[in-house]
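Residues per chain, in single letters:
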Amino acid sequence: MDRIRISGGRKLSGTIPISGAKNAALPLMIASLLTDQTLILENVPALADVRQLRRILGNHGVDVMYAGKRPGETPHDGQTLHISAAQIVDTTAPYEMVSKMRASFWVIAPLLARMGEARVSMPGGCSIGTRPVDLLIMAMERLGAEIEIESGYVIARAKNGLKGGEIVFPKVTVGGTHTALMAATLAQGTTVIENAAREPEIGDVADCLNKMGARITGASTSRIVIEGVAKLSGARHSVLPDRIETGTYAMAVAMTGGDVLLEGARPELLQSALDLLQQAGVEITTTNHGIRVARNGAGLEPVAVTTAPFPGFPTDLQAQLMALMTRANGTSRITETIFENRFMHVQELARLGARIHLDGETATIEGVPRLKGAQVMATDLRASVSLVIAALAAEGETIVNRVYHLDRGFERLESKLANCGAAIERLSA
Ligand code: UD1
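Described below are features of the structure shown in this document. (Residues numbered from 1 in each chain as written. Predicted model: local features only at pLDDT ≥ 70, side-chain atom pairs only at ≥ 80, totals over all residues. Heavy atoms only, no water.)

## Looking at the overall build of the chain
Each helix and strand in the chain was counted, giving 14 helices and 24 strands. Overall, the C-alpha framework of the chain stretches about 65 × 50 × 40 Å when taken along its three principal axes. Across the 429 residues that make up the chain, the buried fraction comes to 56%. Taking contacts inside the chain between residues at least 6 apart in sequence as the whole, the part at least 24 apart equals 75%. Roughly 16500 Å² of accessible area belongs to the chain as shown, and the carbon and sulfur atoms make up 47% of that amount. Charge-centre separation for the chain: the mean point of 43 positive side chains lies 3 Å from the mean point of 44 negative side chains. (Helix = DSSP H or I, 4+ residues; strand = E, 2+ residues; numbered from the N terminus. Buried < 20%, exposed > 50% of the residue type's maximum accessible area, 1.4 Å probe, protein only. Contact = heavy atoms within 4.5 Å. Areas by Shrake-Rupley, 256 points an atom, 1.4 Å probe, with all protein chains shown as cover. Lys, Arg positive; Asp, Glu negative; His and termini not counted. Charge placed at Lys NZ, Arg CZ, Asp CG, Glu CD.)

## A few points about the side chain of His60
Within the fold, His60 resides in the loop between helix 2 (48–59) and strand 4 (63–66). Separated by 2.8 Å, the side chain of His60 and the backbone oxygen of Asp90 make a polar contact. Setting aside residues no more than four positions away along its own chain, His60 makes contact with Leu33, Gln87, Ile88, Val89, Asp90, Thr91, Thr92, Ala93, Val107 and Leu111. (Polar contact = N/O pair within 3.5 Å; in protein donor to acceptor, adjacent residues only side chain to side chain.)

## Notes on the environment of Pro314
If you trace the backbone, Pro314 turns up in the loop between strand 18 (304–306) and helix 10 (318–325). On the basis of relative accessible area, Pro314 is assigned to the buried category, the value being 10%. The contact partners of Pro314, leaving out residues within four places of it in the chain, are Arg243, Ile244, Ser272, Thr307 and Ala308.

## Focus on the packing of aromatic side chains
Counted by the stated rule, this structure contains zero aromatic pairs. Here the guanidinium or amino end of Arg119 rests over the ring plane of Tyr153, the centre of that ring lying 4.3 Å away. (Phe/Tyr/Trp six-rings, centres within 6.5 Å; stacked < 30°, edge-to-face > 60°. Lys NZ or Arg CZ within 6 Å of the ring centre and 35° of its normal.)

## Comments concerning unusual backbone geometry
In this model, Phe310 is joined to Pro311 through a cis peptide bond whose omega is 10 degrees. In this structure, Pro311 sits in the loop between strand 18 and helix 10. For Asn195, which is not glycine, the phi torsion reads 60 degrees and is therefore positive. In this fold, Asn195 is placed in the loop between strand 11 (190–194) and helix 7 (200–211). Located in the positive-phi region is Ser220, a residue other than glycine, with phi close to 80 degrees. Mapped onto the elements of the fold, Ser220 is located in the loop between strand 12 (215–217) and strand 13 (223–227). A relative accessible area of 38% means that Ser220 is categorised as partly exposed.

Right, here's the structure in full:
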């Protein structure tokens, strides 16, 4: 298994291009199942999760073609995918595939809406809590689906098609909202989703679905209304920039000091995180090209924050912020309200010398003057990158093991950081 070696203590300066958002690219690829015409997606990040979803879609009979580079394109440009689900040959998504990536469970909604049935294994994915699918099932039932659970599979049927209905989520869920949205586009009549997730990736998927002929209003608000249509067509859509990647590199620069342009980043996608960084003493400026992040000599001020659905502070940046606060001038508090068990990085950060105390959902981080390199291991995607951030500021050498988690969600992480002066390299197994 690959490892990453980092020698800490170097400032970052230069430009980091921000990739297309993983959490939009995955549901957008899944939306291709809703039409027999070709969906063209631009700015798709080159990630292990994208490749895994391609395999899963392939199993349903979907062709995914990677378009070649155009003149003037560089390795930094996102990929263009031509996705064609002209014929769906299999409505089962097997355990071996779905267990590797939780979001692949979402194929259930378009398969059900278009084919009238789907059989999808219960998901796996990052080990950050129980992550049930009860609300996704509830959403499909509200649209008239019959659901059975058998031998670890969710079987959804709607022989005469789905019917519009009212879906009220008792809790904000991104996956639940994607499921409801995709299922409702082809249902007969009107669907109203109340307490919908407002994450920007939901808005991006709704924009693409509307280009495909869907009739969705209110996406990015907590009340989404969908008028069902009989058929969707192909479209061309460019994936929005990754706000989690943006926030991660912003925190890396805050950690090491320096001055970096996050090229293509959009501040409105992560305002809560940028506000917090400014509060901690980091300089943030928006330019025509993206977001500039700088920190000179002065130290970091501690912060107190609670994770929340968008527009609140995202759980997917919690681990990275914690790594940053290990070096603050004082005591910070971070409360995780979205996922239980999402503090696996705490014990690994402690190996680097961090002082963190856990009490239920809240971590108290006492800033220390220095971290020291060590061998560390990560258990999920965002936790792994928090170890990279800590290692960039630690004295000496850190080896991050189990790098496959990073490859699931961060495109060319080592080269993006190395180009800005970090001493980071991959050690291939
Ligand atoms: C998505 C993101 C993930 C992010 C999370 C929260 C993708 C591919 N993944 O995950 O990176 O961390 O949103 O912003 O976009 N819940 C239930 N029942 C359900 C579904 C969810 O109780 O049926 C709970 C979950 O356990 C969790 C909360 O709802 O406590 C939010 O989960 P959800 O928003 O659904 O997360 P995902 O869509 O899995």
